[in-house]
Amino acid sequence: MKRNHAAYGIVFVAVVACLVFLAWTGGDKRKPVFGDDARVKLRKVSGTVRKGDVLSRLFKRNRLQVADLRRVKEAADGVYDLGKLSSGRPYSMTIDPDDRLSSLTYWIDDDTYLNLSRDGESLTAAIEKVEYEKRQLSFGGVIRDNLVASLGPGRDAVLLALDLSDIFAWDIDFNTDLREGDTFRVVVEGLFAGNTFKKFGDILSAEFINDGQRYLAYRYEVKGNAGYYDAEGRPLKRAFLKAPLNFRRISSHFTGRRFHPILKVYRPHRGIDYVAATGTPVSALGDGVVRFAGRRGGYGKLVIIQHRNNYSTWYGHLSRIEKGIRSGARVEQGDMIGRVGSTGLATGPHLHFEMRVAGRAVNPLTIRTVRAEPLVAGHRTRFREYVVSMDRRLNETAVVDGTSISSMLAAMERK
Ligand SMILES: [Zn+2]
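Residues numbered from 1 in each chain as written. Predicted model: local features only at pLDDT ≥ 70, side-chain atom pairs only at ≥ 80, totals over all residues.

### Section: the overall build of the protein
- A count of helical and extended segments in the protein gives seven helices and 23 strands.
- Within the span of the protein, comprising 415 residues, buried residues form 29% of the whole.
- A fraction of 65% describes how many contacts in the protein between residues 6 or more apart in sequence connect residues 24 or more apart. (Helix = DSSP H or I, 4+ residues; strand = E, 2+ residues; numbered from the N terminus. Buried ≥ 20, exposed ≤ 12 C-beta atoms within 10 Å, placed from the backbone. Contact = placed C-beta atoms within 7 Å.)

### Details of the pairing of strand β22 (residues 350-357)
- Summarising burial for β22: six of the eight residues are buried, a large majority.
- Pairing analysis gives four bridges linking strand β14 (residues 272-276) to β22, with the strands arranged antiparallel. Bridge pairing links Asp273 to His352 in β22.
- Bridging between strand β18 (residues 311-318) and β22 involves six bridges; their strand directions are antiparallel. Paired with Ser312 across the two strands is Arg356, which belongs to β22.
- One ladder, built from three bridges, connects β22 with strand β23 (residues 360-362); its direction is antiparallel. Across the sheet, residue Arg356 finds its bridge partner in β23, namely Ala361.
- Turn length for the β22-β23 hairpin, with the two strands adjacent in sequence and antiparallel, is two residues, and the turn residue Ala358 shows positive phi of about 50°. (Pairing = 2+ DSSP bridges.)

### Topic: the nonpolar core
- The biggest cluster of nonpolar side chains holds 66 residues, and the ones touching the most others in it are Ala161, Leu164, Ala217, Val303, Tyr315, Ile337 and Leu351.
- The greatest single-element share of this core, amounting to six residues, is contributed by helix α4 (residues 155-167).
- The two domains that each donate at least three residues to this core are domain 3 (133-238 + 371-415) and domain 4 (243-369).
- Look past the residues within four positions of Ala217 in its chain and what remains in contact with it is Ile167, Phe168, Ser205, Ala206, Tyr228 and Leu236.
- Ranked by size, the runner-up nonpolar core spans 15 residues in total, among them Ala75, Ile95, Tyr113 and Leu123. (Core = buried A, V, L, I, M, F, W, Y, C linked by C-beta atoms within 7 Å. Domains from an automatic or database assignment.)

### Side note on the environment of Arg384
- Looking at where Arg384 falls in the secondary structure, it is placed in helix α6 (residues 377-395).
- Sequence separation between Arg384 and Gly233 is 151 residues; the distance between their C-alpha atoms is 8.3 Å.

### Quick notes on the packing of α4 against helix α7 (residues 405-414)
- Two elements in contact, α4 and α7, have axes separated by 8 Å at closest approach and are oriented at 120°. By the criterion of interaxial angle, the relationship of α4 to α7 is oblique. Once α4 is placed against α7, the crossing between them reads as right-handed. From α4, Asp156, Ala157 and Leu160 reach across to α7, where they touch Ile405, Ser406 and Leu409.
- Here the residues of the contact of α4 with α7 are counted per class, giving four nonpolar, one polar and one charged. (Axes fitted to C-alpha atoms, helices over the stretch in contact; angles between N-to-C directions. Parallel < 35°, antiparallel > 145°, perpendicular 65-115°, else oblique. Left-handed = near helix turned anticlockwise from the far one by under 90°. Nonpolar A, V, L, I, M, F, W, Y, C, P; charged D, E, K, R; others polar.)

### What about α6?
- Between its first and last C-alpha atoms α6 spans 27 Å; for 19 residues at 1.5 Å apiece the expected length is 27 Å, and the two agree.
- The sharpest bend along α6 reaches about 25° and sits at Phe383. (Expected span 1.5 Å × (residues − 1). Bend = angle between axes of the 7 residues up to and from the residue.)

### Things to note about the confidence of the model for the protein
- Residues of the protein with pLDDT of at least 70 account for 88%, and the chain-wide mean is 87.
- Contacts for the low-pLDDT stretch residues 11-37, under 50 throughout, to residues beyond four places or in other chains number nine contacts. (pLDDT = per-residue confidence, 0-100.)

### Details of the sheet that holds strand β15 (residues 281-283)
- Across the sheet, three strands lie side by side as β15-β21-β19; this open sheet has antiparallel pairing. Every interior strand has two partners, whereas the edge strands, β15 and β19 (320-321), have only one.
- The sheet contact formed by β19 and strand β21 (residues 336-339) spans two bridges and is antiparallel. Across the sheet, the residue bridging to Ile321 is Gly338, located in β21.

### Topic: the sheet that holds strand β5 (residues 101-107)
- Spatially, the five strands line up as an open sheet ordered β3-β4-β5-β6-β7, and their pairing is antiparallel. The open sheet has two edge strands, β3 (43-48) and β7 (122-129), and neither has a second partner. Pairwise comparison of adjacent strand axes, ignoring direction, gives a mean angle of 15° for this sheet.
- For strand β6 (residues 112-119) and β7, the ladder comprises eight bridges, and the chain directions are antiparallel. Along β7, the bridge assignment pairs Asp119 with Ser122.

### Remarks on the pairing of β5
- Relative to β5, strand β4 (residues 90-95) is paired through five bridges, and the arrangement is antiparallel. If you follow Ser92 over to β5, its bridge partner there is Thr105.
- Adjacent in sequence and paired antiparallel, β4 and β5 are bridged by five residues, among which Asp99 carries a positive phi angle near 60°.
- Pairing of β5 with β6, which is carried by five bridges, proceeds in the antiparallel orientation. Bridge pairing in β6 links Ser103 to Ser117.
- Linkage of β5 to β6, two consecutive antiparallel strands, is achieved through a turn of four residues.

### Quick notes on unusual backbone geometry
- Phi angles above zero are rare outside glycine, and Lys223 is one such case at about 50°.
- Residue placement: Lys223 occurs in the loop between β11 (213-222) and β12 (225-229).
- The phi dihedral of His317 is positive, around 65°, even though this residue is not glycine.
- Here His317 shows up in strand β18.

This is how it looks when you write it as structure tokens:
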């Protein structure tokens, strides 16, 4: 009872104080000041940087005092170059009733932001990093239709599917090799802020069973360089990708979920024909030097890349050769060199692909260049332990038909 009385008393005094204060300030609504400790109500704005935006334009758009522009620039000097705002990046500001900047947050990338805050007349700037909590997550699924569709809806699921396809890109052509009923299991870092899933980090290990054959990948770091290795510690990376039509590139080119950009693969003659839509991106199978780029008879627009050990790869009927792809240019594995087309002697759009060794055509599908040397002795024990722990994690991961990564993540957040 006594406490209640006291509380009423405090409320009463506060109300009277407010009334007196309002009367004194004339109830100025533009400057809502609460209490007498000068705590002011801040206007909060947020948005994304538009194309061509510079800081002064952001200031103008949000009706900020021009005098603060100089203070912001001074504060950020040596911390971050605010002259290079990138369009699409989010920002937020708090602004006091006098239209002075109270704080500014500009997201440099998804994990890093510039923070400016007012301290009296001056502003201080600092670059901050989001502190994520890493959790080890695992998922398993069955291939239906294509890899992206098999992980369920949502951006995070798509990104995970593409990362998974990159890991096995030397062994599996995710456009044409997949079979209904293939399965995958993956152990991946989930980055959380609070209890909210933000994004996936690195894939730590993965299993893919393609047409009855089991492929395994383990992420391992040697001298700061992370790569994927098989269970014996041999790198998965090889001199040649499994296919010149890269799943990641094609997936980002065709945004539909049920895409089948490669309609057919056949071998009517030397080489392989990939029947695909005009404009489908074509990637270099391996590192090398462009030996020819231009028109050549029945090949139409053709690119020839010279690789090590007398290997060369030929890409014909292109609708377009990428800028910079000319005789003598260096290319790296996976670089886009052109687009599928039907130039030369082609009845419809397709990529005519050949591989030659010392000038003689070979079947690229049966060429499996040997993997590089396995991890050196010094790493073997630690790698072995890692493989054992990851195998345990993979084995206890259920393979779920019709898995939905996004709903599994949502369930985790609710817990
Ligand atoms: Zn052909």
